[in-house]
Amino acid sequence: MKLAQLTAYLESLAPLAYQEDYDNSGLIVGQPDMEVNQALISLDCTEAVVDEAIATGCQVIISHHPIVFKGLKKFNSKTYVERVVEKAIRNHIALYAIHTNLDNMMMGVNARICETLGLTNTRILAPKQNLLKKLVTYVPIAQAEQVRKALFHAGAGHIGEYNEVSFNAEGTGTFKGSENSDPYVGEPGIRHHEAEMRIETIYPANLESKIIMALVLAHPYEEVAYDLYNLTNQHQQIGSGMIGELEIPVDEAEFLGEVKAAMDCAVIRHTAFTGKRVKKVAVCGGSGGFLLKHAIAAGADVFVTADYKYHEFFDAEGKIVIADIGHFESEQFTQQLLCEIIQEKFVNFAIRLTKVNTNPVKYFI
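These figures come from a predicted structure and were not determined experimentally. (Residues numbered from 1 in each chain as written. Predicted model: local features only at pLDDT ≥ 70, side-chain atom pairs only at ≥ 80, totals over all residues. Heavy atoms only, no water.)

(A) Representation of helix α6 (residues 144–154) in the model. Ala 144, Val 147, Arg 148, Ala 150, Leu 151, Phe 152 and Ala 154 are the residues of α6 that are buried. Looking at the buried side of α6, the elements it contacts are β6 (132–140), β7 (167–175), β8 (192–204) and α7 (208–218). Positioned one or two residues after α6, Gly 155 has a phi angle of 120 degrees, which is positive. (Buried < 20%, exposed > 50% of the residue type's maximum accessible area, 1.4 Å probe, protein only. Helix = DSSP H or I, 4+ residues; strand = E, 2+ residues; numbered from the N terminus. Contact = heavy atoms within 4.5 Å.)

Now the structure itself:
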């Protein structure tokens with residue numbers, strides 16, 4: 001299939017609009033119209049991973065971490081980033097990254113951590129704001145249902161576990177067309193009164209152009225009247241980290257032992273135990289220190305994450321146990337998640353999990 005088919009599907013599940021400002025998710029190397037029949041999945045894209053793709057005949061590498069975070073000014077093989085990009089281009093291998101946009105999804109990286117740790121009643125720890133907008137439009141009553149259906153089909157009207165959400169109120173609209181107009185109802189030059197339905201619905205801001213196009217195509221009027229509003233509401237299914245509960249509370253040492261086994265950790269760096277039994281657990285794959293206040297405010301007993309610095313451990317202040325399990329360890333199961341996501345849609349597309357351990361951190365035990 002075309003590479004664009006694969007990337008479009010991934011971005012329908014984890015839109016690029018949901019990545020963090022510092023990130024560089026998406027197609028980094030390659031052309032959307034290139035043919036692909038096999039993909040290599042990895043957490044990181046290293047030279048060894050590119051060599052593996054060459055040896056196994058994969059045309060695209062899908063990694064969690066982008067190989068390029070900042071603009072490259074020179075290509076002279078001095079850094080591993082330059083060498084990876086150069087080798088991929090020479091061998092016609094596409095490089096695609098799905099990073100914080102996948103982290104921020106309800107079904108993403110943190111959901112897989114929660115599943116691995118056996119957490120239930122999970123939710124986003126820090127939902128994002130300013131991702132939702134409201135559309136208000138006015139439609140003749142007879143055509144209101146066809147417009148609603150078009151808006152819902154385009155992605156509007158979704159709130160949590162509910163779809164096709166809208167508010168509707170009847171009223172009277174007036175308009176008078178010029179002599180050059182071709183009104184759907186009424187006559188040019190004569191003010192017309194029409195029984196109309198006011199339709200309100202919310203939508204993700206990144207779908208705005210698609211939704212407006214659906215509105216215009218479904219609406220009977222020559223000139224479609226609509227209003228767009230920015231909302232500051234939190235998007236409960238998009239955001240950083242997750243929090244969940246253990247079915248049976250356990251003591252802190254026992255819980256960390258379970259985390260070590262489930263997440264295949266060589267070691268866990270942690271703060272002092274508080275003496276409480278562990279019931280609520282917050283998680284964040286990768287560098288999650290910025291979420292500590294959210295974890296404490298949510299009543300988490302333990303915060304499982306990575307990349308904590310020495311002085312940052314003091315911030316626990318005896319309120320919570322910080323468990324730093326390592327960056328690679330916290331995100332390693334993302335590879336299996338990506339395989340499952342792709343195979344669910346493209347049953348006959350060949351997927352390979354890398355055999356390269358890309359973890360740059362080694363433990364001397």
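(B) Representation of the sheet that holds strand β5 (residues 120–129). Read across the sheet, six strands follow the order β5-β10-β12-β13-β14-β11 without closing on themselves; strand pairing throughout is mixed. Two strands in the sheet have a free side with no partner beyond their single neighbour: β5 and β11 (269–270). Relative to strand β10 (residues 234–250), β5 runs antiparallel, the two being bridged by seven bridges. What sits directly across from Pro 127, in β10, is Gly 239. Along the sheet, helix α8 (residues 252–262) contacts β10, β11, β12 (278–287), β13 (302–306) and β14 (321–324); its crossing angle with β10, the most-contacted strand, is approximately 120 degrees. (Pairing = 2+ DSSP bridges. Axes fitted to C-alpha atoms, helices over the stretch in contact; angles between N-to-C directions.)

(C) Representation of the pairing of strand β2 (residues 38–42) in the model. Burial analysis of β2 places five of its five residues in the buried class, which makes it a mostly covered element. Burial along β2 is two-sided: Gln 38, Leu 40 and Ser 42 facing one way and Ala 39 and Ile 41 facing the other are all buried. Relative to strand β15 (residues 350–353), β2 runs parallel, the two being bridged by four bridges. Following the sheet pairing, Ile 41 is matched in β15 by Leu 353.

(D) Fine view of the sheet that holds strand β1 (residues 26–29). With mixed pairing, five strands are arranged side by side in an open sheet as β1-β4-β3-β2-β15. The open sheet terminates on both sides in strands that have one partner only, identified here as β1 and β15. Averaged over all adjacent pairs, the angle separating strand axes in this sheet is 25 degrees, with direction ignored. Alignment of β1 against strand β4 (residues 94–97), held across three bridges, turns out to be antiparallel. Counted as the bridge partner of Val 29 is Leu 95 from β4.

(E) Fine view of the layout of surface pockets. Counted as a void, the largest pocket has a volume near 810 Å³. Taken together, 44 residues form the lining of the largest pocket, with His 65, Ser 287, Asp 307, His 327 and Glu 331 sitting closest to its centre. Counting only elements with at least two residues in the lining of the largest pocket, the list comes to α3 (80–90), α4 (100–103), β10, β12 and α10 (327–331). Its residues assigned to classes, the lining of the largest pocket shows 20 nonpolar, 15 polar and nine charged. Put simply, the second largest pocket is a space of about 600 Å³. Every residue lining the second largest pocket is counted, 18 residues in all, and those nearest its centre are Ser 12, Pro 15, Met 105, Pro 204 and Leu 207. Breaking the lining of the second largest pocket down by element, the ones donating at least two residues are α1 (3–13) and β10. Ranked by the residues each element gives to the lining of the second largest pocket, the list is headed by β10, at three residues. Per-class residue counts for the lining of the second largest pocket are 11 nonpolar, six polar and one charged. (1 Å grid on protein atoms, 1.4 Å probe; cavity = no way out; pocket = protein on both sides within 12 Å on 5 of 7 lines; lining within 4 Å. Points joined across faces, edges and corners; volume = space filled by probe spheres on them. Nonpolar A, V, L, I, M, F, W, Y, C, P; charged D, E, K, R; others polar.)

(F) Broad picture of the pattern of salt bridges. Within the structure shown, the criterion is met by 12 salt bridges. Across the salt bridge formed by Glu 35 and Lys 2, the nearest N and O atoms sit 3.2 Å from each other. Linking Glu 35 in the loop between β1 and β2 with Lys 2 in the segment before α1, this pair joins segments that are 33 residues apart in sequence. For the salt bridge of Asp 301 with Lys 276, the shortest nitrogen-to-oxygen distance reads 3.8 Å. (Salt bridge = Lys/Arg side-chain N within 4 Å of Asp/Glu carboxyl O.)

(G) The arrangement of the nonpolar core in detail. Counting residues in hydrophobic clusters, the biggest one holds 28 residues, and the most contacted among them are Leu 6, Val 60, Ile 62, Ile 98, Ile 342 and Phe 349. Going through the elements one at a time, α1, β2, β3 (60–63), β4 and α11 (334–345) are the ones with two or more residues in this core. Ranked by residues supplied to this core, first place goes to α11 with five residues. Not counting residues within four places of it along the chain, the set of residues in contact with Phe 349 comprises Met 1, Leu 6, Val 36, Asn 37, Gln 38, Ala 39 and Ile 342. In this structure, Ala 111, Val 278, Val 281 and Val 304 belong to the second largest nonpolar core, which totals 23 residues. (Core = buried A, V, L, I, M, F, W, Y, C linked by side-chain atoms within 4.5 Å.)

(H) Just the packing of aromatic side chains, in detail. Evaluated as defined, the whole model comprises five aromatic pairs. With a centroid separation of 5.5 Å and an interplanar angle of 65 degrees, the aromatic rings of Phe 175 and Tyr 221 are classed as edge-to-face. Placement of the pair is Phe 175 in strand β7 and Tyr 221 in the loop between α7 and β9 (226–230), with a sequence separation of 46 residues. Classification of Phe 175 as partly exposed rests on a relative accessible area of 27%. Measuring from centroid to centroid gives 5.6 Å for Tyr 310 and Phe 314, while their planes differ by 80 degrees, and the two rings are edge-to-face. Each residue in the set Phe 175, Tyr 184 and Tyr 221 is aromatic and connected to the rest through ring pairs, giving one cluster. (Phe/Tyr/Trp six-rings, centres within 6.5 Å; stacked < 30°, edge-to-face > 60°.)

(I) How the structure looks around unusual backbone geometry. Residues other than glycine seldom take positive phi values, yet Glu 164 does so here, at roughly 55 degrees. Within the element layout of this structure, Glu 164 appears in the loop between α6 and β7. With phi around 55 degrees, Asp 264 is a residue other than glycine that occupies positive phi space. Structurally, Asp 264 can be placed in the loop between α8 and β11. For Asp 264, a relative accessible area of 55% puts it in the exposed group.

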